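# Chain and residue survey
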Amino acid sequence: MNTSEKMVSSDLIKCKSEAQAKNAILDFLAKLDIKKIVYVDDRCSIGELKEAFIGKSKAHYISKPKELDFLNWELPELIFEKQLLNLWDNKSDEERRELYLKILSFENETDELLNSVAPLRLKSILKEKIELLAPSEWVAQKESILTELNENTKILFLFDIDFRNAPLPDSRDGRDLAFELLQDPTVCKYLYCGIFSHLFSVNEEYDKRCEYCRTHHLEKEKFYTISKKRFQNNSYLSGLAEGIKNTLLINEVEVLKKETTDILNASFREAMKEILHLTPESFNHIIQKSSRKEGVWEMETLIRVSDIITSYNALRTLVSNTRRTKINQCLKKIRKIESVKTGDATPFDKTQVLDLRNKELYINNNIQNRLHYPLSNGDIFKIQDKEYILLVQPCNVSLRKDGKRDRDYNIGLLVELEIIEKETFQNYKKGQLATIEVIEDVTLKQDLIKVARFSTFKSVSLSPLDLTVFDSDGIAKINLSEQENTSSEIQESWKKRYKELHKIFTEFADGIKVFKKIKNSNKDILKYSVFNGPIFAGYEIDNENILLSRGKLLEFNIARVAHYKSPYSDDLLQKFMLYLSRNAFEHDFTKN
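I will try to describe carefully the structure that is included in this document. Note that this is a predicted model, so its numbers are computed, not measured.

## Brief notes about the environment of Leu-240
Inspection of the secondary structure assignment puts Leu-240 in helix α9 (residues 237-276). When the C-alpha atoms of Leu-240 and Asn-520 are compared, they prove to be 83 Å apart, with 280 residues separating the residues in sequence. The residues touching Leu-240, leaving out its near neighbours within four places in the chain, are Leu-122, Phe-196 and Arg-230.

## Describing helix α21 (residues 568-580)
Between the first and last C-alpha of α21 there are 19 Å, a value that for 13 residues agrees with the 18 Å anticipated at 1.5 Å per step. Listing the buried residues of α21 in full gives Ser-569, Leu-572, Leu-573, Phe-576 and Tyr-579. Looking down the long axis of α21, one finds its buried residues gathered within 115° of arc, a one-sided arrangement. Facing away from the buried side of α21 by more than 90 degrees, the exposed set consists of Gln-574 and Leu-578. Considering only its buried residues, α21 is in contact with β8 (386-391), α15 (394-397), β9 (411-421), β10 (436-439), β11 (448-461) and β14 (553-564).

## Focus: the packing of aromatic side chains
Counted according to the given criterion, the structure contains 26 aromatic pairs. With a centroid separation of 5.3 Å and 40° between ring planes, the pair formed by Tyr-362 and Tyr-564 is classed as tilted. Pair noted here: Tyr-362 is in strand β6 (residues 362-364) and Tyr-564 is in strand β14, with a separation of 202 residues, a long-range link. Here Tyr-362 falls in the buried class, since its relative accessible area comes to 10%. Overall, Tyr-564 belongs to the buried group, its relative accessible area being 5%. Ring pairing ties together the aromatic residues Phe-505, Phe-508, Phe-536, Tyr-539 and Phe-556, which thus form one cluster. Cation over ring: Lys-64 sits above Tyr-61, and NZ or CZ is 3.9 Å from the ring centre. Across from the ring centre of Phe-196, 5.7 Å away, lies the NZ or CZ of Lys-228, which sits over that ring.

## Brief notes about the pairing of β11
Of the strand pairs in this sheet, β9 and β11 are connected by ten bridges, and their pairing is antiparallel. Bridging across to β11, Glu-418 finds its partner in Val-451.

## With respect to the sheet that holds strand β1 (residues 34-40)
Taken together, the five strands give an open sheet; going across it, the order is β2-β1-β3-β4-β5, and neighbouring strands pair in parallel fashion. Of all the strands in the sheet, the pair left with one neighbour each is β2 (130-133) and β5 (224-227). The mean inter-strand angle of the sheet, taken between neighbouring strand axes irrespective of direction, is 25°. Pairing of β1 with strand β3 (residues 154-159), which is carried by six bridges, proceeds in the parallel orientation. Looking at the pairing, Val-38 lines up with Phe-157 of β3. Helix-sheet contacts for α9 involve β1, β3, β4 (191-197) and β5, and the interaxial angle to β5 is about 175°.

## So, the side chain of Ser-398
Locating Ser-398 in the fold gives a position in the loop between α15 and β9. In this structure Ser-398 comes out as buried when scored by relative accessible area, which is 17%. In this structure the side chain of Ser-398 is engaged in a polar contact, spanning 2.9 Å, whose partner is the backbone oxygen of Pro-394. Once you skip the residues sitting within four places of it in the chain, Ser-398 turns out to touch Glu-294, Gly-295, Lys-404 and Arg-405.

## Here we look at the state of the cysteines
Scanning all chains against the criterion turns up zero disulfides. Between Cys-193, a free cysteine, and Cys-188, which holds the nearest cysteine sulfur, the sulfur-to-sulfur gap is 11 Å. The closest cysteine sulfur to the non-disulfide-bonded Cys-210 is located on Cys-213, 6.2 Å from its own sulfur.

## Quick word on a positive patch on the surface
There is a patch of like positive charges on the surface, built from Arg-292, Lys-293, Lys-401 and Lys-496. By the element assignment, Lys-401 lies in the loop between α15 and β9.

## Thoughts on the pattern of salt bridges
Taken as a whole, this structure holds 43 salt bridges when the rule is applied. Ionic pairing is found between Arg-175 and Asp-173, a salt bridge with its closest N-O pair at 2.6 Å. Here the two residues Arg-175 and Asp-173 agree in accessibility, since each one is buried. For the salt bridge of Lys-499 with Glu-484, the shortest nitrogen-to-oxygen distance reads 3.8 Å. Of this pair, Lys-499 sits in helix α19 (residues 492-517) while Glu-484 sits in the loop between β12 (475-479) and α19, and the two are 15 residues apart along the sequence.

## A short note on a negative patch on the surface
Taken together, the side chains of Asp-402, Asp-408, Glu-500, Glu-507 and Asp-510 present a region of like negative charge at the surface. On the secondary structure map, Asp-408 appears in the loop between α15 and β9. You can call Asp-408 exposed: its relative accessible area is 57%.

Rules used in this analysis
- Residues numbered from 1 in each chain as written.
- Predicted model: local features only at pLDDT ≥ 70, side-chain atom pairs only at ≥ 80, totals over all residues.
- Heavy atoms only, no water.
- Helix = DSSP H or I, 4+ residues; strand = E, 2+ residues; numbered from the N terminus.
- Contact = heavy atoms within 4.5 Å.
- Expected span 1.5 Å × (residues − 1).
- Buried < 20%, exposed > 50% of the residue type's maximum accessible area, 1.4 Å probe, protein only.
- Arc of directions from axis to C-beta.
- Phe/Tyr/Trp six-rings, centres within 6.5 Å; stacked < 30°, edge-to-face > 60°.
- Lys NZ or Arg CZ within 6 Å of the ring centre and 35° of its normal.
- Pairing = 2+ DSSP bridges.
- Axes fitted to C-alpha atoms, helices over the stretch in contact; angles between N-to-C directions.
- Polar contact = N/O pair within 3.5 Å; in protein donor to acceptor, adjacent residues only side chain to side chain.
- Disulfide = S-S within 2.5 Å.
- Patch = residues over 30% accessible without salt bridge, like charges linked within 9 Å, V, L, I, M, F, W, Y side chains within 5 Å.
- Areas by Shrake-Rupley, 256 points an atom, 1.4 Å probe, with all protein chains shown as cover.
- Salt bridge = Lys/Arg side-chain N within 4 Å of Asp/Glu carboxyl O.
- Lys, Arg positive; Asp, Glu negative; His and termini not counted.
- Charge placed at Lys NZ, Arg CZ, Asp CG, Glu CD.

What follows is the structure, given as structure tokens:
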């Protein structure tokens, strides 16, 4: 495709995009009974444009640019200036705006172009569906315009912020005019309002909306900020249509947020009341006795009880037909608006969404380790320079009230975690896919995924991993000079487990001390069995320098770094068990 063909193709795409955007805007207005758009901008003032046009044209008289071919540069300067006035005065408002836009495009003043293109072009596209007003014209016509508003005749108001080219005598800007409009209780329910400006980018729209709520006392649910920098590829209309869509949705979205918080607040209040009304016997049985018996952390039981009561009360709150109707009406309107395609899409910063999903998937190490969370299925460890996930039946890993696991169970399975490129994963064959499972991790770049390689599993002692529970940084270490753990932050069952761990690792440390005293030159034969004896069977770890502080402190290269939450870790355990129980078949000798 040659340059000319590319230009034609680009123009066709632009025309289609603008046609779709125009239809989208008109569709929005029709669906919501919006009679028209009233747009207040200093660049809507024809009088101010005249002065700017004359000034910019005269400034180019010496250079006489050929690109501005609508001007006769051969005329003497005085006659040229007179021609400028005649040219402007003999044009319609629409033609005057196009003339000014041509000069801006030639000068390539991006900021001024972004600020001016909407007020200069919108009228020619939306015609009678938009009314362009200079700030002074808005002040003069405001009362007349507001009389048009009623249940069946709504108006979308767009205010530029900066009126420097046509300032009001009292220095009010677009935010002030929006505030005055939205404060009128007789009309605010019949209008939509947008702050339309070049002073912020598309990605800053939400932050600026929050800022203007604070600085200009605007109510969040009543207006939206639209950046004029939605202008792209010489076409602004699709971006504007998307901004208008956001403006029309904002009330319903904010209502949904408010309904959600009202429901949760009511549910939390009821949950607190219900917990306070539990008899001492009931509360003690649920939180303390049952947890101690099953080896469950008491705070985990408390959170579970809170979730049960809160969820129940949230559902009970929704029994109200009025509340459900209100929510469903909001959803219906949102979906009606979102069904209209604008030809563009607002850049979506997924940070908050990804953060919420990450909280659903993982407990991070700061919370997990500072709470001294009991060892659990789904715990993730960094051992040397690799990551592993612990897979073990929850009932087997839980400590009972005596500090022991059922039947003295002390074995867990560590499966290596690896980060690979998505493309590599997609090229895996069936046999390879049978040995791995994807672990969702929203903190990774889009072209990467995390997998658990089932084929790398190792059966290990839980004792070294148990040590991480006692350290607020999740490091596997133990001070052998402390025979008991006296911290008030540790569960009683884990204090009892500490005593057993102290015995195990005292013997381990004694073996290292004895080994270091041996003078025999062949003692290296014993090194592995001393530093990586039965207690570290299966661990890929170097323990040669783990004995510190004159033989009193053991610190291993093991750290608990996260917890993969249930039901995701439970599902991973189940899939791993299926991997272990897979069937083997004799080879098919009929195949080549």
